[in-house]
Every structure is written in structure tokens, then in C-alpha cells.
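A structural walkthrough
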Amino acid sequence: MRILVVGPSWVGDMMMSQSLYRTLRARYPQATIDVMAPAWCRPLLSRMPEVSEAIEMPLGHGALALGERRRLGMRLRARRYDRAYVLPNSFKSALVPFFARIPLRTGWRGEMRYGLLNDARVLDKQAWPLMVERYVALAYDKGTMASAKDLPQPLLWPQLQVNDGEKSQARDSFSLRDERPIIGFCPGAEFGPAKRWPHYHYATLAQSLIGEGKQIALFGSAKDHDAGEQIIASLPADMQHWCRNLAGETQLEQAVVLIAACEAVVTNDSGLMHVAAALGRPLVALYGPSSPDFTPPLSHKARVIRLIDGYHKVRKGDGDGGYHQSLIDITPQRVLNELNELLQTGDA
């Protein structure tokens, strides 16, 4: 069997989609599973052993480009896929499998996709509360799974593969010393500071951890670099050399390997949180207005700290610096206690 998956376009969603690939591999051990996704996804897909090939989706997020999608679909016809799974809910995401004439095209119904999908499922959000459950459900025949309770347990959560040699080489490349364990911080988040734990709390936590003999590595994209500099600037001068700001200095591939080399991770609700979970790193995940009810870190080594209930659509917090008050109220000592409990129970 040859399978094409049209994958998501966000880091966290891409990580959770691995549960579908793992489930498909378990159900169809001889299947070839290819995933079509943006080029930046390749470092993640290359570490998913279930994926045979990552096929680049050359079109930007939001672009219809009907002609280009038709040409891409026609090029894929020669591969003779038996079925396709379309994970995004948009109309345009279902076009390529349709143009590729893949016989069975599965997905949640989404935006007016009648005809494009010939195995369209109707989503009951209460029956399928987690995104990962919605992905995994597509691996089973229509009508056989009425709700998430029907899925075989335990779910096959994401697992990225990184070897020890890669970790050692990455540490050396970025001058992370061997004598101190690395604690990774992921202080960034989409949509600005409202989803971020304050930089001064990260600095206080870093000071405590450095005092305990750790070193800190800050991860994120280029737009998170300034937040990392604020954290370092808030540290005592004699501790700053034990905190390395790698935000914007690493490619995704390098960040994945370095996170795998961390003893543990402290993170906002972000794509890198899901990467750390898939790498099996003990992690403390800090939530404010966004909710872990839909996309929690999929790991038994994760601790979630959140002081409010429900989902709050907040673009800018009401606290100093645009932080959300519920995140301001999470104290560094609380996070340190959770982190130390994780490490002391042998979850590292």
C-alpha cells in the first residue's frame, strides 16, 4: 500500500501528526507512507522512522495557486498512491490528492470539500476533544470509531529519534560544556508575550539552576532572540556565561538535536514544547490564556502548570510588558519545585 499524507504547517501540529503515522505503520507494516509538507518540516519528518519520504509543498501558507496544485497533483500520479489522508481542514489542502487521482481520500469534512474528499468524516468536537485523537481516528475505517473512547489504548504518541553521537557533536558545535547538565528554556510563543512566561521569571529560575550546577540553553526563532537577551541581562554578571542564547542561531534540525541533549526543558505553550515531549525530555509546560485541553504535551514526563480554566483569546496580556497575569502569577519557585521533582523521580 502506498499512502500520501498532506501534513500540517505548524510545528506543534506536525509533531502530533506523527501519532497518525505510527498508527498507520502499526496497522499496515508494509505500507509506504509519504508526507507532503512545507520544506521546513523536513528536519522533523526525517526523524520519524514511519515516514518514507518528505515531499515538499512549495506553496506558502494561505496561497490557493490552483494551477500549481494541479501540476503538483499530476506529477504525483505516477506514484500510484492507494489512499491519502488530508490533515488540514482547508479546501486547498485537499486539492493535490484530488488532482493526483488517489482513489481513497480521507479527512475531516472541513471547508466545503465535498468531492475532493470521498471519505469525509463529520467532526463532533466533544467526541474527539484532543487534536491527536482526531488525527489517529483517521487511520480507522469510517464509522468504526464513534469517539475517542473507542481508540485502542495507549495511543502511539510522537517519538523523534536522535542518537548520542549527534548530541555530543551539537554540544561541541555550540560550545555547551560537558561538565554541566543542560536545562533548555523555550521562552518564545506565537502571538507575542500574552502566551509567554515573563523573562524575569525565566531569569530567576535560571539563577537558581545555575547555582545548582546546571547550564541554560535558550531555544527559539530569531524573533525570540530579544527575549533571550532580556533573560541573560537579568542574571548576575558572574552567571551570564552559563546561559547561552541560541534563539535565532540554530536551524530547526540543530535545535531538535540540542533539545534531545538537555537534561530537562522548561517551556511556554509552543511548537518546541511538542518537540521536547516527542524527544522524551522531562519538561515543565507553562500555560496562560491558551489551554492544554486540546493540544497538551504528549509525554508522561511532562508537568503542566496553569492557574486559570478555559480558553481565553488574548493577544496582549494586561500585565507589565504585555504578559498575561495568570502567567505572571506562576512563580519561579513553583516551576523549580516541579522540575526538581521530575528529575528526582528518575524521569530524566
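Residues numbered from 1 in each chain as written. Predicted model: local features only at pLDDT ≥ 70, side-chain atom pairs only at ≥ 80, totals over all residues. Heavy atoms only, no water.

Side note on the side chain of D224
Applicable threshold: Per the convention used, a helix needs a DSSP run of H or I reaching at least four residues, while a strand needs a run of E reaching at least two, with both numbered from the N terminus. Contacts are residue-level and defined by heavy atoms, with any inter-residue pair within 4.5 Å sufficient.
With respect to the secondary-structure elements, D224 resides in the loop between β8 (215-218) and α8 (225-233). Setting aside residues no more than four positions away along its own chain, D224 makes contact with G188, A189, R196 and A247.

Focus: the pattern of salt bridges
Heads up, the rule is: Salt bridges, as used here, are contacts in which a Lys or Arg side-chain nitrogen is within 4 Å of a carboxyl oxygen on Asp or Glu. Buried means the residue's accessible area, taken with a 1.4 Å probe over protein chains only, is under 20% of the maximum for its type, while exposed means over 50%, and partly exposed covers the values in between.
Scanning all chains against the criterion turns up 19 salt bridges. Residue R171 pairs with D178 through a salt bridge whose shortest N-O separation is 3.5 Å. Since its relative accessible area comes to 59%, D178 is described here as exposed.

So, the packing of helix α9 (residues 252-260) against helix α10 (residues 271-278)
Under the convention used in this document: For helices, the fitted line uses only the C-alpha atoms of the stretch in contact; every axis is such a line through C-alpha atoms, and the angle between N-to-C directions lies from 0 to 180 degrees. Reported orientations rely on four angle classes, namely roughly parallel under 35 degrees, roughly antiparallel over 145, roughly perpendicular from 65 to 115, and oblique for the rest. For a crossing to be left-handed, the near helix must be turned anticlockwise from the far one by less than a right angle; the clockwise case is right-handed. Put simply, Ala, Val, Leu, Ile, Met, Phe, Trp, Tyr, Cys and Pro go in the nonpolar bin, Asp, Glu, Lys and Arg in the charged bin, and everything else, Gly too, in the polar bin.
Running from N to C, α9 and α10 point in directions that differ by 50°, and their axes come no closer than 9 Å. Considered as vectors, α9 and α10 are oriented oblique to each other. You can see that α9 and α10 cross each other, and the crossing is right-handed. Contacts between α9 and α10 involve L252, V256 and I259 on the former and, on the latter, L272, V275 and A276. Residues belonging to the contact of α9 with α10 are distributed by class as follows: six nonpolar, no polar and no charged.

A short note on the nonpolar core
Stated formally: To form a nonpolar core, buried Ala, Val, Leu, Ile, Met, Phe, Trp, Tyr and Cys residues must be joined to one another through side-chain atoms within 4.5 Å.
Ranked by size, the top nonpolar core spans 66 residues in total, and within it V5, L20, Y21, L45, L160, F219 and V275 carry the most contacts. When residues no more than four places from it in sequence are discounted, the contact partners of Y21 are V5, G7, P8, M14, I33, V35, L45, M48, E50, V51 and L87. In terms of nonpolar packing, the next biggest core, distinct from the first, is built from 29 residues, L205, L235, I305 and L327 among them.

Digging into the pairing of strand β2 (residues 32-37)
Short version of the rule: Pairing between two strands requires that DSSP report at least two bridges joining them. With the strands aimed away from the viewer, a crossover counts as right-handed if its path from the first strand over the helix to the second runs clockwise.
In terms of burial, β2 is a largely internal element, five of the six residues being buried. Examined bridge by bridge, strand β1 (residues 2-6) and β2 share five bridges and lie parallel to one another. Along β2, the bridge assignment pairs V5 with V35. On the question of chirality, the crossover connecting β1 to the parallel β2 by way of helix α1 (residues 11-27) is right-handed. Note that β2 and strand β3 (residues 53-56) share four bridges and pair parallel. The residue of β3 that forms the bridge with M36 is I55.

All quantities given are derived from atomic positions and should not be read as evidence of function.
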